[in-house]
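Listed here are the chains, written in short residue letters.
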Protein chains: 2
Amino acid sequence: MFLLCIANTELSKIPNLSAAGENPEAIRYTVPSDAELLFWGKCLTASILPLDPEGHPTPAIFTRAAYIMANFPVMVVRTGSFLPPACPYIEIPSSPGSNPLEKPAVEEAKRIYSWAKALGDHLSSLDSLMVIGESVPGGTTSAFLVLKALGYDGMVSSASPNNPSNLKIKIWESCRKRYNITEGTFCNKGLDAVTLLGDPMQATVAGMAMGSFNKSRVILAGGTQMLAVAAVLRHEGYDGDIEIATTKYIALDKSAHFASLAENLRVKAHVVPMDLSGSAYKGLSDYEKGYVKEGVGAGGALWYANHLGVPTEVVVNAAEQIYANLLGGISS
Amino acid sequence: MFLLCIANTELSKIPNLSAAGENPEAIRYTVPSDAELLFWGKCLTASILPLDPEGHPTPAIFTRAAYIMANFPVMVVRTGSFLPPACPYIEIPSSPGSNPLEKPAVEEAKRIYSWAKALGDHLSSLDSLMVIGESVPGGTTSAFLVLKALGYDGMVSSASPNNPSNLKIKIWESCRKRYNITEGTFCNKGLDAVTLLGDPMQATVAGMAMGSFNKSRVILAGGTQMLAVAAVLRHEGYDGDIEIATTKYIALDKSAHFASLAENLRVKAHVVPMDLSGSAYKGLSDYEKGYVKEGVGAGGALWYANHLGVPTEVVVNAAEQIYANLLGGISS
């Protein structure tokens, strides 16, 4: 099954940090819109689909296309989003993540993790394959902070071709001083790192994965945000296989260090070789220039479809059609 | 999988109508407590387990025992409960049902049904057997009203040995006059009956069942409340097999007409021959005298455990132990 975990963090309100929406007000709607696009093929809470500041569409259209073409079961898992999605969803009750520059980010991280673990135990009884994606605007920054606190020195990706790396480093430096911590302070205390610096998605996805490993193969669907989840798992004592599926845009991102971080974490990465260079739509062909890159589990959904026998090109073509229809006001 | 659908209706605030709690204030906690007992083996939102006015425990202890002994996957589905349960749950957003003596009961019944149908479509991809129970204090009355409006003349059961049948009939008469309807007015309009007179659980369970029939065997776990769901399905055009599993206490209830209603609705009933007469606990042996009878999908959970090879006596013994532990303050 494909699970989309949606959450928010107050970090997304810091100007110029997140490109998962046209502006901070629009970012409030990104998470429910991504869930609704995946589940229904149209946005209900907002009137338009999520766009980055330059107008490039959410990767949810690829996730939706993969689901439509490969027909795998889908569930949305909500854990601390500002707004609920207008579709059925699994609730792991949580507040949105706080800005760690103001207060600890996820005070209930351990409770959330344990509930998500119980959920994963039930869900993994139902399917031998769990593909888990996320939509968390600002989530690469909380990923960066958690990776740093767990001792990993490497930059995370961004949904923008101009990664605001310096801003992310500045936030880490401020947190470091505020809490009197340093790189690796939370070594072997993965959930403590999430509690202070992370976001609710990290606690939930780590818990769901930990609850599923006994019975199912787990694919973490995403880029450097899922590396932070992998780090939490490693620093909560999980020593088994961890697999991540992501788009080639993450692997090719020179502003970040996906491959070396994955290696350090002993993560097996499946990089999906999608090609949007020939797309008739600038909103999509610009993915090749580093816009958007990944999110809403797009890479994992493409991997999943391929695993079920649907070639990547077929999904990409379907995504183009979905995008065309949405531009024309037709839901798919 | 076993799905417990929890909901509330304002009908439960009418004095002496519902025995699913010690008093109307306690009834507010019945639904989250039932979910928590099933999921965790203990109540978190309230301090004690749900009891009827004479102190008999919720049938959730049997559902929990069946889950523990047979180890089937469990999910809670919330659709309009006053309080959320303190466990992971699937949300089908809804308000609690209104009192139809004041206004239409479930104005969004058709939307709820369609969302639940989409959910059922996804969930039934994961399991060829869907056992769906409910916890809705006051729900036998909304069941009675819907059955009447769809043209079925028969009394529903009660969680009390003294079925307040006259009060239920009086509420029907008042609704009849208020809305200028009569028995059978909503023939072939199952969801219109729910909209005016039902509760959110009926819309949700009917939708989940309708979305599941193509891929899975569906067992409606409950007594006369599930007959109302069956009636909604029949009057939304479903002509296939409908199966209900319930406890023998429903089948033996002389104050109600389970068997004849089931026959009229072409429902195949599985009656679980549990025997609590030898229980050391009055709270349980009194089930034989007509207290509590059924609920929280207890009969269906016993059926499910038996289907998986766990004899009813084994589950009943486990339920006694769970009850003993809860009386002693130990969660199970």
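Chemist: Could you give an account of the overall build of chain A, naming the residues involved and the relevant values?
Modeler: Assigned secondary structure in chain A consists of 13 helices and seven strands. Relative to its length of 332 residues, chain A is compact, with a C-alpha radius of gyration of 18 Å against a globular reference of 20 Å. Within chain A, the fraction of its 332 residues that count as buried is 67%. Intrachain contacts of chain A at a sequence separation of at least 6 include 78% that bridge at least 24 residues. A total of about 11200 Å² of accessible surface is found on chain A, and carbon and sulfur atoms cover 48% of it. Side chains of chain A give 26 positive and 31 negative charges; the mean places of these two sets differ by 4 Å.

Chemist: So what's going on with the pattern of salt bridges? Residues and values would help.
Modeler: On inspection of all chains with the given rule, the structure shows 26 salt bridges over all chains. The salt bridge partner of E183(A) is K148(A), with a shortest N-O separation of 2.9 Å. Highlighted residues: E183(A) in the loop between α5 (165-179) and α6 (190-197) and K148(A) in helix α4 (residues 139-149), separated in sequence by 35 residues. A salt bridge links R217(B) to E243(B); the shortest N-O distance between them is 2.6 Å. Linking R217(B) in strand β5 (residues 217-221) with E243(B) in strand β6 (residues 242-247), this pair joins segments that are 26 residues apart in sequence. Overlapping salt bridges, with partners in common, bring together K148(A), D153(A) and E183(A) in one network.

Chemist: Residue-level account of the nonpolar core, with values.
Modeler: Looking at soluble globular proteins, one finds that nonpolar side chains tend to be buried together. Ranked by internal contacts, the top residues of the largest apolar core, which has 146 residues, are L233(A), L220(B) and L233(B). In contact with L233(B), other than residues within four places in its own chain, are A206(B), A209(B), M210(B), F213(B), L220(B), Y238(B) and I242(B).

Chemist: Would you mind going over the packing of aromatic side chains in detail, with residue names and values included?
Modeler: Per the stated rule, a full pass over the model turns up 18 aromatic pairs over all chains. Ring geometry for F39(B) versus W40(B): centroids 4.9 Å apart, planes at 80°, classification edge-to-face. When its relative accessible area of 21% is taken as the criterion, W40(B) is described as partly exposed. For the pair Y281(B) and Y323(B), a centre-to-centre distance of 5.5 Å together with 80° between the ring planes defines the contact as edge-to-face. Remark: Y323(B) occurs in helix α13 (residues 312-327) and Y281(B) occurs in the loop between β7 (267-272) and α11 (282-285); sequence separation between them is 42 residues. Grouped by ring-pair contacts, the aromatic residues F2(A), Y67(A), F72(A) and Y304(A) constitute a single cluster. A cation over a ring is seen here: R111(A) above W115(A), with NZ or CZ 4.5 Å from the ring centre. Note that K13(B) overlies the ring of F82(B), its terminal NZ or CZ placed 4.8 Å from the centroid.

Chemist: Explain the confidence of the model for chain A to me, using residue names and the numbers behind them.
Modeler: On average, chain A scores 96 in pLDDT, and the residues at 70 or more come to 99%. Listed scores for the predicted complex are pTM 0.96 and ipTM 0.95.

Chemist: If you had to explain a nonpolar patch on the surface to someone new, which residues and values would you point to?
Modeler: All names here are of chain A. Residues I68, M69 and V314 make up a contiguous nonpolar surface patch of roughly 220 Å² in combined accessible area. For I68, the position within the fold is in helix α2 (residues 60-70). A relative accessible area of 40% means that I68 is categorised as partly exposed.

Chemist: Give a description of α4(A) that names residues and reports values.
Modeler: Residue and element names in this part refer to chain A. Burial runs high along α4: 11 of the 11 residues are buried. Within α4 the residues assigned to the buried category are G139, T140, T141, S142, A143, F144, L145, V146, L147, K148 and A149. On the buried face of α4, the contacting elements are α5, α6, α7 (200-212), α8 (224-234) and α10 (258-264). Backbone geometry just after α4 places G151 at a positive phi near 100°.

Chemist: I'd like a rundown of the pairing of strand β2 (residues 74-78) of chain B, residues and numbers included.
Modeler: Residue and element names in this part refer to chain B. Among the five residues in β2, five count as buried, and that is most of the element. Residues V74, V76 and R78 of β2 are buried on one face, and the alternating residues M75 and V77, pointing to the opposite face, are buried as well. Across five bridges, the pairing between strand β1 (residues 2-6) and β2 is parallel. Opposite L3, over in β2, you have M75 as the bridge partner. As judged from the two bridges shared by β2 and strand β3 (residues 89-91), these two strands associate in the parallel manner. Note on β3: the bridge partner recorded for R78 is E91.

Chemist: Outline the relation of the copies chain B and chain A, supporting the account with residue identities and numerical values.
Modeler: When chain B is fitted onto chain A, the two copies agree to an RMSD of 0.0 Å after a turn of 180° and an axial shift of 0.0 Å. In short, the pair behaves as if placed about a two-fold rotation axis. In terms of proximity to the rotation axis, the leading residue of chain B is I90(B), whose C-alpha is 2.0 Å off the axis. Most of the interface of chain B is mirrored in chain A: 100% of its interface residues are interface residues there too.

Chemist: Got a sec to walk through the interface of chain B and chain A? Specific residues and values, please.
Modeler: At the junction of the two partners, chain B supplies 25 residues and chain A supplies 25 residues. Summing the contributions of chain B and of chain A, the shared interface buries around 2100 Å²; its carbon and sulfur component is 77%. Per-residue buried area on chain B facing chain A is highest for W115(B), H122(B) and L126(B); these three make up 33% of the total on that side. Run the count over chain B and chain A and you get zero salt bridges. Inspection of the region where chain B meets chain A yields six residue pairs in polar contact (both at pLDDT 80 or more). With five residues, the top contributor of residues to the side of chain B that touches chain A is helix α3 (residues 109-124) of chain B.

Chemist: Just give me the short version of the side chain of D52(B), but keep the residues and values in it.
Modeler: All names here are of chain B. Relative to the assigned elements, D52 resides in the loop between α1 (24-40) and α2 (60-70). The buried charged residue D52 lacks any salt bridge partner; its closest oppositely charged side chain belongs to K293, at an N-O distance of 8.9 Å. Of the polar contacts made by the side chain of D52, one reaches the backbone nitrogen of E54; its length is 2.9 Å. Only 2.8 Å separates the side chain of D52 from the backbone nitrogen of H56, close enough to count as a polar contact. With sequence-adjacent residues up to four places away left out, D52 is seen in contact with A19, G21, E22, Y291 and V292.

Chemist: Give a detailed account of α1(B), specifying residues and quantitative values.
Modeler: Compared with an ideal rise of 1.5 Å per residue, which puts 17 residues at 24 Å, α1(B) spans 25 Å between its outermost C-alpha atoms and is within 8% of the ideal. The largest bend along α1(B) measures about 35° and falls at T30(B), with the proline P32(B) one to four residues further on. What α1(B) keeps buried is the set I27(B), T30(B), V31(B), P32(B), S33(B), D34(B), A35(B), E36(B), L37(B), L38(B) and F39(B). Next to the buried residues of α1(B) lie α3 (109-123) of chain A together with β1, α2, β2, β4 (129-135) and α13 of chain B. The backbone nitrogen of E25(B) lies 3.1 Å from a side-chain oxygen of the residue at the head of α1(B), namely N23(B). Once α1(B) ends, the next one or two residues include G41(B), with phi positive near 85°.

Chemist: How would you sum up the side chain of R234(A)? Please name residues and give values.
Modeler: All names here are of chain A. Checked against the element boundaries, R234 lands in helix α8. No salt bridge is formed by the buried R234, whose closest oppositely charged neighbour, D239, lies at an N-O distance of 4.6 Å. Dropping the residues within four chain positions of it, R234 is found in contact with D239, G240, I242, L265 and R266.

Calculation notes
- The residue count restarts for each chain, going from 1 along the sequence in the order it is written.
- The lettering of chains begins at A and the numbering of ligands begins at 1, in the order of writing.
- Local features are withheld for residues below a pLDDT of 70 in this predicted model, meaning they are given only at 70 or higher, and side-chain atom pairs are given and counted only at 80 or more; totals for whole chains, interfaces and linings count all residues.
- Side-chain descriptors were evaluated using all non-hydrogen atoms of the structure, hydrogens and water having been removed beforehand.
- We count a stretch as a helix when DSSP gives it H or I for four or more residues in a row; a strand needs E for two or more, and each element gets its number in order from the N terminus.
- Restricting the calculation to C-alpha atoms gives the radius of gyration, and the globule rule supplies 2.2 Å times the number of residues raised to the power 0.38.
- Between buried and exposed lies partly exposed: a residue is buried under 20% and exposed over 50% of the maximum accessible area for its type, with that area taken using a 1.4 Å probe on protein chains only.
- Should any heavy atoms of two residues lie within 4.5 Å, those residues are considered in contact.
- For the area figures, the Shrake-Rupley method with a 1.4 Å probe applies, and any residue is considered shielded solely by the protein chains shown.
- Positive residues here are Lys and Arg, negative ones are Asp and Glu, while His and the chain termini are left out of the count.
- Where a charge lies is defined by one atom per residue type: Lys uses NZ, Arg uses CZ, Asp uses CG and Glu uses CD.
- For this document, the term salt bridge refers to a Lys or Arg side-chain nitrogen within 4 Å of an Asp or Glu carboxyl oxygen.
- For this analysis, a nonpolar core means a set of buried residues of the types Ala, Val, Leu, Ile, Met, Phe, Trp, Tyr and Cys, connected via side-chain atoms within 4.5 Å.
- Each pair of aromatic rings taken from Phe, Tyr and Trp, with Trp reduced to its six-membered ring, is defined by centres within 6.5 Å and is described as stacked if the planes are under 30 degrees apart, edge-to-face if over 60, and tilted in the remaining cases.
- We call a charge positioned over a ring when the NZ of a Lys or the CZ of an Arg lies within 6 Å of the ring centre and within 35 degrees of the ring normal.
- The predictor attaches a confidence to each residue, and that confidence, scored 0 to 100, is pLDDT.
- Residues enter a patch when their relative accessible area is above 30% and they make no salt bridge; the linking distance is 9 Å between like charges and 5 Å between nonpolar side chains (Val, Leu, Ile, Met, Phe, Trp, Tyr).
- Should DSSP find at least two bridges between two strands, the strands are taken to pair.
- Overlaid copies result from least-squares superposition on C-alpha atoms, with residues included only where pLDDT is at least 70 in both.
- Throughout, buried area stands for the accessible area (probe radius 1.4 Å) lost by two parts on being put together, summed over both.
- Two N or O atoms form a polar contact when they lie within 3.5 Å of each other; inside protein one atom must be a possible hydrogen donor and the other a possible acceptor, and for residues adjacent in sequence the pair counts only when both atoms belong to side chains.
- Multiplying one less than the number of residues by 1.5 Å gives the expected span of a helix.
- Axes are fitted to the seven residues ending at a residue and to the seven starting at it; the angle between these axes is taken as the bend at that residue.

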